[in-house]
Amino acid sequence: MVKFLKVIAYILIGGVVIVGALLLWFDRSKDIDFTVYHPDAWVTCNGKINKDSVEYVQLTKWLQLNNSNWQNNDYGHP
């Protein structure tokens, strides 16, 4: 009987750990603070965008406006 109760306790503890991990995973922040990773210049296919250019300012504004609600959509695409 004691062995049976230990098995039930281990199963319950494992279930609580799994449910807790899933809750933490789905409740995580999906906001990205791009200012932390913002370089002094962006390298693009058309060349380098320096910090004093109009394109750099436009890109910075776009990143600031779109810093939330990001999702992981990895469906095997490269």
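Novice: How should the overall build of the protein chain be read in this particular structure?
Specialist: A tally of helices and strands in the protein chain yields 3 helices and 2 strands. Listing every helix and strand of the protein chain by position from the N terminus yields α-α-β-β-α. Taken over 78 residues, the protein chain has a buried fraction of 8%. Surface accessibility of the protein chain: about 7,300 Å² in total, with carbon and sulfur atoms responsible for 64%.

Novice: Is there a simple way to think about the pattern of salt bridges in this case?
Specialist: Pairs can form between side chains of opposite charge once their charged atoms are near each other. Summed over the entire model, instances satisfying the criterion amount to 1 salt bridge. The partner of Asp40 in a salt bridge is Lys51, with the nearest N and O atoms 3.5 Å apart. Residue Asp40 is located in the loop between helix H2 (34-37) and strand S1 (41-44), and its partner Lys51 is located in the loop between strand S2 (47-50) and helix H3 (54-65); the two are separated by 11 residues in the primary sequence. Of the two residues, Asp40 and Lys51, neither departs from the other in class, the shared state being exposed.

Novice: Even after reading the chapter, I still don't get the pairing of S2, so can you show me in this structure?
Specialist: A regular strand places its side chains so that they alternate between the two faces of the sheet. Relative to S2, S1 runs antiparallel, the two sharing 4 bridges. Paired with Trp42 across the strands is Ile49, a residue of S2. Connecting S1 to the antiparallel partner S2 that follows it, the hairpin turn spans 2 residues.

Novice: I would appreciate a short explanation of H3 in the present structure.
Specialist: Residues three or four positions apart in an α-helix share a direction because the helix packs 3.6 residues into each turn. Its 12 residues place the ends of H3 17 Å apart at the C-alpha level, agreeing with the 16 Å of an ideal helix rising 1.5 Å per residue. Among the residues of H3, Tyr56, Thr60 and Leu63 are the ones counted as buried. For H3, the angular spread of the buried residues around the axis is 65°, confining them to a single face. Residues of H3 that are exposed and point over 90 degrees away from its buried face: Val54, Gln58, Lys61 and Leu65.

Each value, and the rule that gives it
Residues numbered from 1 in each chain as written. Predicted model: local features only at pLDDT ≥ 70, side-chain atom pairs only at ≥ 80, totals over all residues. Heavy atoms only, no water. Helix = DSSP H or I, 4+ residues; strand = E, 2+ residues; numbered from the N terminus. Buried < 20%, exposed > 50% of the residue type's maximum accessible area, 1.4 Å probe, protein only. Areas by Shrake-Rupley, 256 points an atom, 1.4 Å probe, with all protein chains shown as cover. Salt bridge = Lys/Arg side-chain N within 4 Å of Asp/Glu carboxyl O. Pairing = 2+ DSSP bridges. Expected span 1.5 Å × (residues − 1). Arc of directions from axis to C-beta.

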